[in-house]
Amino acid sequence: MSVVTRFAPSPTGFLHIGGARTALFSWLHARRHGGRFILRVEDTDRDRSTEEATRAILEGMHWLGLDHDEGPYFQSERGERYREVLDDWLATGKAYYCFRTKEELDELREAQRARGEKPRYDGYWRDNDETPPEGVTPCIRFKNPLEGEVVFDDRIRGRVAVANAELDDLVICRSDGSPTYNFCVVVDDYDMGVTDVVRGDDHVSNTPRQINMLRALDVEPPNYAHVPMILGPDGKRLSKRHGAVSVMQYAEEGYLAEALMNYLVRLGWAHGDQEIFSRGEMIEHFDLGDVNHSASTFNPEKLRWLNQQYLKSLHPDDVAWRLRYYLEQAEIDPASGPHLADLVKAQRERSTTLVELVESSRFLFQDFLEWDEKAVRKHLGGAATEPLERVRAELAGLEFPEGWNAAAIHEAISGVAQELELGMGKVAQPVRVAVSGTPVSPPIDTTLELLGRERTLYRLDRAIGRTREAA
RNA sequence: GUCCCCAUCGUCUAACGGUUAGGACACUGCCCUUUCACGGCAGUAAUAGGGGUUCGAAUCCCCUUGGGGACGCCA
């Protein structure tokens, strides 16, 4: 049988790291086996679901390249089908109306907790012919088996067993007529032919209930694979209300989708000692059976490292193309500076994100107004006047653009250093501070090549003004 | 509280009964060097604790401890 997996987020917020990894594993499993990957939006809770969240999730999936073969389906559009099953179960005694009010249930649970018991519905209306109380709109509950145990073989953690005595009759339809999550999942997974349910760890305890409902539907349950949670740096579970960050936030911060995917796939899964995986390699090697059993902690440092690895290995034109967006976000006109691919080649070894790359390159597009005072004191004192003037004179002799290249610039600068019997540092650093305002930039010849002749000479003049004053 | 699950360096992980317990991030040192990086080399650092099983246990079993999840007319 061909594999069918699904990702089924509830549209109550953005797509965060945890959800993205679950989606990735599910997608990978489908791709690995040449199966289909379905996207299904679980919006049965109409109060909390928003269209905006749906869009955000779709956007995140798209950015990561997690393409679906079917959907997105919306549970909110499948009401008729749910009603049909509900009516059938009611008619055949697999489900029943429950007239317990919210208040009664709260009381019940409180008392149970006080007695040290597991809080649960007491089954009062399960087999009850009493006349229903006035004015109470009932909800519908599923008749969970009272005896025996539910066993399933989790693809990730192996055999899991839960006694039916631990399970109560859960609400499958609210008193307002809307079906609930656990019920919809069961109907949908069956209708959509899902063969492998890959989902978060937090769903293990739902699984036995869902299996019981599947049995009520008279179908065999799918395979289940519960992937462990992702923890924040504090060791606490990453959730929407606790430190979870939208994947699109990473996009905004200049991370590459490839890097994030690579980071995510290695969180809870490994293939020997391999750290870098192309999309194809992930698909080729991924196996649910190799997924770890324990939760893992999100490590931003490693993500940064990976991002730089991708920055360095991707084609410069590709990176340059993506860079435009970040330049514009930083209010930099991409046309007002060096060729972007050349810029990428020069800066990617010292940038971990595209945002960083943009910031450290700003001086190549715009005149800087702020100087790094410490660097000025150190490198633009009176002693720097002569080297700077000499360099300026040499560079002024180079024609632009034919003679303006790193090799010629390097020759000019090292020539000055030799003439003045100074180390390269004594010449290059003043020049660097002069043109960038900081003590850090790519190799000075490359920096000047990227900056261009006109800007270079202007900034050298400006700096010489300062060194003279300092003298 | 009850049920379920989990446990190798600080972090991500390798090992699928026999290894000096390997790799990666981070950290430290050295090398390279016109700065910062990149890169190279080296180093610190782990099988939670206790019992079994076995010739042999990180690996299998039990207990303890610690962590997580679930216990909704949320998903």
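Cut-offs used in this document
- Residues numbered from 1 in each chain as written.
- Chains lettered and ligands numbered in written order.
- Predicted model: local features only at pLDDT ≥ 70, side-chain atom pairs only at ≥ 80, totals over all residues.
- Heavy atoms only, no water.
- Phe/Tyr/Trp six-rings, centres within 6.5 Å; stacked < 30°, edge-to-face > 60°.
- Helix = DSSP H or I, 4+ residues; strand = E, 2+ residues; numbered from the N terminus.
- Buried < 20%, exposed > 50% of the residue type's maximum accessible area, 1.4 Å probe, protein only.
- Lys NZ or Arg CZ within 6 Å of the ring centre and 35° of its normal.
- Pairing = 2+ DSSP bridges.
- Axes fitted to C-alpha atoms, helices over the stretch in contact; angles between N-to-C directions.
- Right-handed = clockwise from strand over helix to strand, strands pointing away.
- Salt bridge = Lys/Arg side-chain N within 4 Å of Asp/Glu carboxyl O.
- Core = buried A, V, L, I, M, F, W, Y, C linked by side-chain atoms within 4.5 Å.
- Domains from an automatic or database assignment.
- Near = heavy atom within 4 Å.
- Polar contact = N/O pair within 3.5 Å; in protein donor to acceptor, adjacent residues only side chain to side chain.
- Contact = heavy atoms within 4.5 Å.
- Expected span 1.5 Å × (residues − 1).

**Section: the packing of aromatic side chains**
Line of reasoning, step 1. For the structure on display, the rule yields 14 aromatic pairs.
Line of reasoning, step 2. Here F25 and F286 contribute two aromatic rings whose centre-to-centre distance is 4.9 Å and whose plane-to-plane angle is 40°, an arrangement assigned as tilted. Note that F25 is positioned in helix α1 (residues 17–32) and F286 in the loop between α9 (279–285) and β12 (296–297), a separation of 261 residues in sequence.
Line of reasoning, step 3. Residue F25 is classed as buried on the basis of its relative accessible area, which comes to 0%.
Line of reasoning, step 4. Measuring from centroid to centroid gives 5.2 Å for W269 and F277, while their planes differ by 55°, and the two rings are tilted. Considered together, W269 and F277 belong to a single accessibility category, that of buried residues.
Line of reasoning, step 5. By the ring-pair criterion, three or more aromatic residues cluster together here, those being F25, W269, F277 and F286.
Line of reasoning, step 6. Stacked on the ring of F368, the Lys or Arg R462 has its end atom at 4.6 Å from the ring centre.
Line of reasoning, step 7. Here the basic side chain of R466 rests over the ring of W371, its NZ or CZ set 4.7 Å away from the ring centre.

**Section: the sheet that holds strand β5 (residues 139–142)**
Line of reasoning, step 1. Reading across from one edge, β4-β5-β8 is the order of the 3 strands in this open sheet, with antiparallel pairing throughout. Of all strands in the sheet, those bounded by a partner on one side alone are β4 (95–98) and β8 (171–173). Averaged over all adjacent pairs, the angle separating strand axes in this sheet is 45°, with direction ignored.
Line of reasoning, step 2. Of the pairings in the sheet, the one linking β4 to β5 comprises 4 bridges and is antiparallel in character. Note on β5: the bridge partner recorded for Y96 is R141.

**Looking at the pairing of strand β3 (residues 70–74)**
Line of reasoning, step 1. Here 3 bridges tie strand β2 (residues 36–41) to β3, and the two strands are oriented parallel to one another. Among the inter-strand pairings, V41 is bridged to a residue of β3, identified as F74.
Line of reasoning, step 2. As a crossover connection, the stretch from β2 through helix α2 (residues 51–64) into β3 is right-handed.

**Looking at the pattern of salt bridges**
Line of reasoning, step 1. Summed over the entire model, instances satisfying the criterion amount to 36 salt bridges.
Line of reasoning, step 2. Linking D69 and R31 is a salt bridge whose minimum nitrogen-to-oxygen distance equals 3.1 Å. In this pair, D69 is assigned in the loop between α2 and β3 and R31 in helix α1, connecting sequence segments 38 residues apart.
Line of reasoning, step 3. Using a relative accessible area of 40% as the deciding quantity, one classes D69 as partly exposed.
Line of reasoning, step 4. One salt bridge connects E389 with R468, and the closest N-O pair in it is separated by 2.1 Å. A residue pair is termed long-range when its members are at least 10 positions apart, and E389 in helix α15 (residues 385–396) and R468 in helix α19 (residues 453–470) qualify at 79 residues.

**Points about the nonpolar core**
Line of reasoning, step 1. Membership of the largest hydrophobic core comes to 95 residues, with the highest contact counts inside it found for L24, F25, M61, V265, L388, L395 and L448.
Line of reasoning, step 2. When residues of this core are assigned to domains, at least three map to each of domain 1 (4–67 + 189–228) and domain 3 (367–471).
Line of reasoning, step 3. Residues L86, W89, F183 and M213 belong to the second largest nonpolar core, which totals 28 residues.

**Focus: the domain arrangement of chain A**
Line of reasoning, step 1. Here the domain parsing of chain A yields domain 1 (4–67 + 189–228), domain 2 (80–173) and domain 3 (367–471).
Line of reasoning, step 2. In this structure, domain 1 and domain 3 have C-alpha centres spaced 58 Å apart.

**Observations concerning the protein's contact with RNA strand B**
Line of reasoning, step 1. Of all residues adjacent to RNA strand B, which total 62 residues, the nearest are G116, R157, R174, G268 and E349.
Line of reasoning, step 2. At the protein interface, 72% of the atoms of RNA strand B within 4 Å belong to sugar or phosphate.
Line of reasoning, step 3. Between R100 and RNA strand B, the recorded distance is 3.0 Å, taken from a backbone N or O atom to a base nitrogen.
Line of reasoning, step 4. Within the side chain of E166, one N or O atom sits 3.4 Å away from a sugar or linking oxygen of RNA strand B.
Line of reasoning, step 5. Mapped by element, the contributors of at least two residues to the surface near RNA strand B are β5, β7 (158–163), α5 (181–191), β12, α10 (300–313), α17 (424–436) and α18 (444–451).

**Some details on the side chain of T44**
Line of reasoning, step 1. Here T44 is to be found in the loop between β2 and α2.
Line of reasoning, step 2. The buried category is assigned to T44, whose relative accessible area is 12%.
Line of reasoning, step 3. Setting aside its immediate chain neighbours within four residues, T44 contacts Q75, R174, P179, T180, Y181 and C184.

**What about α1?**
Line of reasoning, step 1. Between its first and last C-alpha atoms α1 spans 22 Å; for 16 residues at 1.5 Å apiece the expected length is 22 Å, and the two agree.
Line of reasoning, step 2. Buried residues dominate α1, accounting for 15 of its 16 residues.
Line of reasoning, step 3. Among the residues trailing α1, G34 stands out with phi positive, at a value near 60°.

**What about the environment of A375?**
Line of reasoning, step 1. Examined against the element boundaries, A375 turns out to sit in helix α14 (residues 373–379).
Line of reasoning, step 2. Overall, A375 belongs to the buried group, its relative accessible area being 5%.
Line of reasoning, step 3. Note: C-alpha distance between A375 and Y181 (194 residues apart in sequence) is 61 Å.
Line of reasoning, step 4. Setting aside chain neighbours within four positions, we find A375 in contact with L380, V433 and P439.

**Considerations on the side chain of T467**
Line of reasoning, step 1. Positionally, T467 belongs in helix α19.
Line of reasoning, step 2. Within the local environment of T467, its side chain forms a polar contact with the backbone oxygen of I464, the two atoms lying 2.9 Å apart.
Line of reasoning, step 3. With near-sequence residues (within four places) excluded, T467 lies in contact with L380, G381, G382, A384, T385 and L388.

**Comments concerning the environment of E80**
Line of reasoning, step 1. With respect to the helices, strands and loops of the structure, E80 is situated in helix α3 (residues 79–91).
Line of reasoning, step 2. In this structure, the C-alpha to C-alpha distance between E80 and E42, residues 38 residues apart in sequence, is 16 Å.

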